[in-house]
Amino acid sequence: MEKKILLGLGPDELQKVVSAAGGKPFTARQLAEWLYVHRVADIDDMTSLSKRMRWSLSESYETGRMGFTRVQTSVDGTRKYLFPTLAGGAVESAYIPDGDRATLCVSSQEGCRMGCRFCMTGRGGFTRSLTAGEIVNQIFSIEESSRLTNIVFMGMGEPLDNTEEVIKAIDVITSPWGMAWSPTRVTLSTIGVMGSIPAFMERTSVHLAVSLHSPESSVRGTLMPVERRYPIEEVVRMLRGYDFRHQRRISFEYTLFDGVNDRKCDADRLAVLIAGMGARVNLIRFHRIPDSDLAPSSEETIARFKSYLERHGIVTTVRASRGEDIFAACGMLSTADKKGVPVGKG
C-alpha cells in the first residue's frame, strides 16, 4: 500500500492523523514541530513520540522528504536544483544569493497550462499540480536551506492555478506552528488568475507580483495567451479593490523584449495603467531560450524605460541577471533531464 505524506499538513489534518493512530491531542503539536522546526526526514527520528506512535504512523505515513537529483552552480553563485515529484516527474528550484539576501524560487506545478511565449516551462505542457508537501520539500531539501531569507513562488507553474495547495504551503511557511516566517519574506507571482485572487488575498498576507509584460492587450496576447481569459486591465481593476498600503506589497513584473514592448509609448501606457496603486515595477532582462524569435532589449533601452517610469512617480527596479551560464530560464533544467542531456553537479 502506498503511504501517505505528512509534509504539508496543517494542525487540523495532523490532529486527525494522530487521533486515528490512537494518540493524544498534544502529539499533533509534537508532530508539527518535528516536521517544520526540526525538519526530520524520517518518522523514527521523532524521538519525543512513543515508539508505539512512531510505529503506528510509519505503517501508513512517511514524511515526504525527497532529495534533489541534480544541481547546477553558476559563476555568480546561483544554483538550480532538480527535484523528483511524487508522480515520477521533475521540477526545479533556484537558489539566488545576493549580499545579505538568499532567495529560493520554488515551483508549484510540474509544467504549466498558461503557455507564455517566453517561458520554457509552458512548452513542455502541463503534467500535474504539486502538493503542499512537494512545495515545502524544495525549501527544506536544498543545501542552503538554513540560509534562506526569502521565498518566491516564481518557478515552474502558475501558483494560482494550484491555489489550495499553494495556500497550504504558505501556511506552513508563515504560521507559528510551521516555519513561523514573516509574510513579508514571501512573494507569489501570478499571471492574474482572477478567480483565485480573492482566496489568495483573504487567506494570506504575503506579497503579490503580477506578470504584466505589456500594457497593450493585443501585444500581451501575443506573449501570454491567457490575456484573452484574464485581460490585464480587468486584473488591475480587481487589484485596485484591495489594500496594499500596509505591509503587503504589490509589484508588476515586466520582461523587456527588443522592439516588442520596450518603446516610450509602452512605458507611457504602463504608467497610466497602474497609476495611483502605489505599486512598483520590476523590469526583467530576458534570458534567451531555444527556438525563440524574442530578443532581449539593450541595456540602454532598459535604462531609458526605467527612467521614464521613475519620472512618472513609479518605483522601478531592474532585476539583476543571474545564472545565465547555466539552465537559467524556468523549465530548462527539467527539460534537459527529460531528454537525457548531461548536467554536471557544480
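Rules behind the numbers
- Residues numbered from 1 in each chain as written.
- Predicted model: local features only at pLDDT ≥ 70, side-chain atom pairs only at ≥ 80, totals over all residues.
- Heavy atoms only, no water.
- Buried < 20%, exposed > 50% of the residue type's maximum accessible area, 1.4 Å probe, protein only.
- Helix = DSSP H or I, 4+ residues; strand = E, 2+ residues; numbered from the N terminus.
- Arc of directions from axis to C-beta.
- Contact = heavy atoms within 4.5 Å.
- Salt bridge = Lys/Arg side-chain N within 4 Å of Asp/Glu carboxyl O.
- Axes fitted to C-alpha atoms, helices over the stretch in contact; angles between N-to-C directions.
- Parallel < 35°, antiparallel > 145°, perpendicular 65-115°, else oblique.
- Left-handed = near helix turned anticlockwise from the far one by under 90°.
- Nonpolar A, V, L, I, M, F, W, Y, C, P; charged D, E, K, R; others polar.
- Expected span 1.5 Å × (residues − 1).
- 1 Å grid on protein atoms, 1.4 Å probe; cavity = no way out; pocket = protein on both sides within 12 Å on 5 of 7 lines; lining within 4 Å.
- Points joined across faces, edges and corners; volume = space filled by probe spheres on them.
- Polar contact = N/O pair within 3.5 Å; in protein donor to acceptor, adjacent residues only side chain to side chain.

Participant: Any chance you could explain helix H9 (residues 232-239) here in plain terms?
Facilitator: By the burial criterion, the buried members of H9 are Ile232, Val235, Val236 and Leu239. Projected onto a plane normal to the axis of H9, the buried residues spread over an arc of 95 degrees and lie on a single side. Packed against the buried residues of H9 are helix H7 (197-203), strand S11 (207-211), helix H8 (217-223), strand S12 (250-256) and helix H10 (264-273).

Participant: Please clarify how the pattern of salt bridges should be interpreted in this entry.
Facilitator: One side chain can pair with another of opposite charge once the charged atoms of both are near each other. Following the criterion strictly, the structure yields 16 salt bridges and no others. In this structure, Lys80 engages Glu92 in a salt bridge whose closest nitrogen and oxygen atoms are separated by 2.8 Å. With Lys80 in strand S4 (residues 79-84) and Glu92 in strand S5 (residues 90-98), this pair connects stretches of sequence that are twelve residues apart. Here Lys80 and Glu92 have matching classes, each one buried. Look at the salt bridges and you will find they share partners, linking Glu216, Arg263, Asp266 and Arg269 into a network.

Participant: It is not clear to me how the packing of helix H1 (residues 11-20) against helix H2 (residues 25-36) should be interpreted in this structure. Could you clarify?
Facilitator: Packed helices, taken two at a time, are described by the angle between their axes plus the distance between the axes. For the pair H1 and H2, the least separation of the axes is 8 Å and the interaxial angle reads 120 degrees. On the basis of the axis angle, H1 is oblique to H2. Crossing geometry of H1 relative to H2 is assigned as right-handed. Note on element contacts: H2 touches H1 through Pro25, Thr27, Ala28, Leu31, Ala32 and Leu35, opposite Leu14, Gln15 and Val18. Classifying every residue of the contact of H1 with H2 gives seven nonpolar, two polar and no charged.

Participant: Just to check I follow, could you spell out the environment of Val260 for this structure?
Facilitator: Considering the arrangement of structural elements, one finds Val260 in the loop between S12 and H10. For the pair Val260 and Ser214, spaced 46 residues apart in sequence, the C-alpha to C-alpha distance is 8.7 Å. Contact partners of Val260, with chain neighbours within four places excluded, come to Val219, Leu223, Asp266 and Leu294.

Participant: What's the story with H2 in this structure? I'm lost.
Facilitator: Counted at 1.5 Å a residue, the expected span for H2 with its twelve residues is 16 Å, and the 18 Å between its end C-alpha atoms agrees. Looking only at H2, the buried set comprises Thr27, Ala28, Leu31, Ala32, Trp34, Leu35 and Tyr36. The inward-facing, buried residues of H2 abut H1, helix H3 (51-60), helix H5 (132-141) and helix H6 (163-174).

Participant: Looking at this structure, I do not really get unusual backbone geometry. What am I missing?
Facilitator: In most cases, non-glycine residues show a negative phi, while peptide bonds are predominantly trans. Of note, the phi angle at Arg39 is positive, near 55 degrees, even though the residue is not glycine. By secondary structure assignment, the location of Arg39 is in the loop between H2 and H3. With a phi close to 60 degrees, Asp291 is a non-glycine residue in the positive phi region.

Participant: For this particular structure, what's the right way to read empty space enclosed by the protein?
Facilitator: One water molecule sets the probe size; rolling that probe over the atoms shows where empty space is left. All chains considered together, the criterion is met by two cavities of 30 Å³ or more. Put simply, the second largest cavity is a space of about 30 Å³. Residue lining of the second largest cavity: Met66, Phe83, Pro84, Thr85, Val91, Leu130, Glu134, Asn137 and Gln138, and that is the complete set. For the lining of the second largest cavity, the elements supplying multiple residues, two or more each, are S4 and H5. Counting residues per element, the lining of the second largest cavity draws most heavily on H5, at three residues. Residue composition of the lining of the second largest cavity, by class: five nonpolar, three polar and one charged.

Participant: Help me understand the side chain of Thr63, please; the structure alone is not making it clear to me.
Facilitator: Assignment of secondary structure puts Thr63 in the loop between strand S2 (61-62) and strand S3 (70-73). Exposure remark for Thr63: the relative accessible area of 2% places this residue in the buried category. Separated by 2.7 Å, the side chain of Thr63 and the backbone oxygen of Ala41 make a polar contact. A distance of 3.4 Å separates a polar atom in the side chain of Thr63 from the backbone nitrogen of Arg65. With near-sequence residues (within four places) excluded, Thr63 lies in contact with Ile5, Leu6, Leu7, Leu35, Val40, Ala41, Asp42, Ile43 and Met46.

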